[in-house]
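Read off the chains here:
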Amino acid sequence: MSKKSKAAKPLSYDCSFADIISPITEEEFFRDYFGKKHLHIPGAANKYEKAMTWEILSNLLNMHSIWSSSSLMLAVDRKVIPANEYCRPGIDHSGNNVMQPDPNMVKQHISNGATLVCNDIDTLNPGLMGICNALEKAVNGKSQANLYCSSKQRQAFGSHYDTHDVFAMHMEGEKVWRIFSKMENLPIRHPDYIKPDERQQKERGDSYIEITMKPGDFLYVPRGLYHDALSSSDGCIHIAFGLTGYIGLDVIETLGSAMIHDPLFRINAPRLSEGRDALKAHLSEMADHINKMLHSEKFVDATYQRIQDFHYERSSYELPLKPKKIRFKTTSADFSITMAQGKVALVNKQNQGVPIPPNLVDQIKWVISKNEFDRNEFTEIFAESGIDALDQTLQNLQNMRVIQQV
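This one's a predicted model, so the numbers in the text were calculated from it and none came from an experiment.

A. Representation of the overall build of the protein chain. Scanning the protein chain for helices and strands turns up 12 helices and 19 strands. At 32 Å, the protein chain has a C-alpha radius of gyration far larger than the 22 Å of a compact globule built from 406 residues. Along the longest, intermediate and shortest principal axes, the C-alpha atoms of the protein chain span 105 × 70 × 50 Å. Classification of the 406 residues of the protein chain by burial places 39% in the buried group. Restricting to contacts in the protein chain with at least 6 residues of sequence separation, those with at least 24 account for 76%. Total accessible area on the protein chain stands at roughly 23700 Å², and carbon and sulfur atoms take up 51% of it.

B. Broad picture of the side chain of Q363. Considering the arrangement of structural elements, one finds Q363 in helix 10 (residues 361-368). Take Q363: its relative accessible area is 4%, and that puts it in the buried class. Discounting chain neighbours no more than four positions away, the residues touching Q363 are F378, F382, S385, L390 and T393.

C. Region of interest: the sheet that holds strand 2 (residues 72-76). The strand order across the open sheet formed by 8 strands is 1-11-8-13-7-6-2-3, and the pairing between neighbours is antiparallel. Where the open sheet ends on each side, the last strands, each with one partner, are strand 1 (39-41) and strand 3 (79-80). One ladder, built from 3 bridges, connects strand 1 with strand 11 (residues 218-221); its direction is antiparallel. Across the sheet, residue H40 finds its bridge partner in strand 11, namely L219. Strands strand 2 and strand 6 (115-118) of the sheet are contacted by helix 4 (residues 103-111), whose axis makes an angle of about 25° with strand 2.

D. Examining the sheet that holds strand 15 (residues 336-340) more closely. Spatial strand order, 15-16-17: 3 strands in an open sheet with antiparallel pairing. Two strands lie at the open edges of the sheet, namely strand 15 and strand 17 (353-355), each paired on one side alone. For this sheet, the mean angle separating the axes of adjacent strands, direction not counted, is 35°. Strands in contact with helix 10 are strand 15 and strand 16 (343-347); relative to strand 15, the strand with the most contacts, it is inclined by about 140°.

E. Geometry of the pairing of strand 9 (residues 175-183). Direction of pairing for strand 9 relative to strand 10 (residues 208-213): antiparallel, over a ladder of 6 bridges. Counted as the bridge partner of F180 is Y208 from strand 10. Bridge count between strand 9 and strand 12 (residues 225-231): 6 bridges; the pairing is antiparallel. Note on strand 12: the bridge partner recorded for K175 is S231.

Scoring rules and cut-offs
- Residues numbered from 1 in each chain as written.
- Predicted model: local features only at pLDDT ≥ 70, side-chain atom pairs only at ≥ 80, totals over all residues.
- Heavy atoms only, no water.
- Helix = DSSP H or I, 4+ residues; strand = E, 2+ residues; numbered from the N terminus.
- Rg over C-alpha atoms; globule rule 2.2 N^0.38 Å.
- Buried < 20%, exposed > 50% of the residue type's maximum accessible area, 1.4 Å probe, protein only.
- Contact = heavy atoms within 4.5 Å.
- Areas by Shrake-Rupley, 256 points an atom, 1.4 Å probe, with all protein chains shown as cover.
- Pairing = 2+ DSSP bridges.
- Axes fitted to C-alpha atoms, helices over the stretch in contact; angles between N-to-C directions.

Written out as C-alpha cells, the structure reads:
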C-alpha cells in the first residue's frame, strides 16, 4: 500500500519515527502494517539528504582504512563477487592481515554493472545514526543499515525474504521493487530458516505488485515477506535499515540466566532406571518453577530492563568540547598562617599546625582566603611555579583536608 507523504524538508539528525513515516501515524503503522504488510510512502526528493548523497558516499568510500571485504561487497546478476577479485592483501591498524578493497578494481566492477553493498554503515554519519536511533526507539529493537548502489537492469540479489523487518529509504535514481504475496511465518536467523536461493525463488509465489522507488521514498517490508528489486536507472542508491526485535527466544535466554540460581535446574535428571514417570514428574516440577519465574515481578523487571537495553549504542562526538572546570572549596574558614620559632606554619582552629616551605606561603595564603576557587585561576596566578608543582600543592592540601574538590 502506498501513502503520499507531505514532508518537504530533510529529516533532521534528531528525527523521530513519526517524521520518517509521515503522514502515517505511529498508531496506524503498528496497528495496520507492522509485521503484517508492506507500506510505501512517497516523499520529497531531499528527505534523506542529511543521511546520504553522492558526495557523502564518495567521502565515506575515500576513507579506505575503514573498509574490508566484509563491510564493502560487490554483487552482480544475483552472485556475490569473490573478495580476491576486487580486494588486495593489506594490514589493518592492529597489524592483522586483511583483504582491503582496491578503489580502481571496485570502480571497474561498478562500471561493469555490479552493485556496491556497504554493510553496517549506521554510525558513519549523524544522519544515519539519527534514523537508526529513531527506529530502535519506536520498535524496541536493534537496527543496522546497509547501502546498495546499483546499475540499471542489473540485479544483485534474487527474490528472497529477510529475517528482520526492512525499512528501505531511497536516495538516488529509481528502483522497481516487487512485493510478492507469499510471506513466511516469523522467520529468524537460524539454520532452519535459511533456504537456498533456488528454493526461495520457487516459494515466493507468482502474484506480486510493483513499486517504483524514487528519491525521498520510504518502503516498509515486514520480515518473511518475499521481495526483490531492480534498478530502472543508472546510479541508484537506497539504504535498507534492518530491524530485529526482542522475541520470545530472547526471553528464554533471560530465563536461563535466572534458572542457574534455582537448585532444581542444577540437579541431575532422574536416571532412566527410575522410569518414564519419574522424568515426567521432574519435568512437571520444572514447568511449575518456570511458570512462577515468568510471573514473578523480579523476572518481569529483568525482562523489561533487557528490552530497554536491546539497542546498539551510538554515542557521538560534538567537538570542540569545553574542559570541565575543576573547582575546590576550603573545608573550614578557621585556617591561618602563623610564624613560630622562625618557621611559617599552617594552623587550624585547634592550633594544630604543619610547616610550610617559604616558596608556598603566598599560594596557601591565597587558597585559604577563598571560599571556592577554580584550578585554572590558581595556576594562572602562580604560573611561574609550574603546573606540576601547583597540582602537587593542591593534592597535598586535599590530603591534609584543607580543601576538597566540588
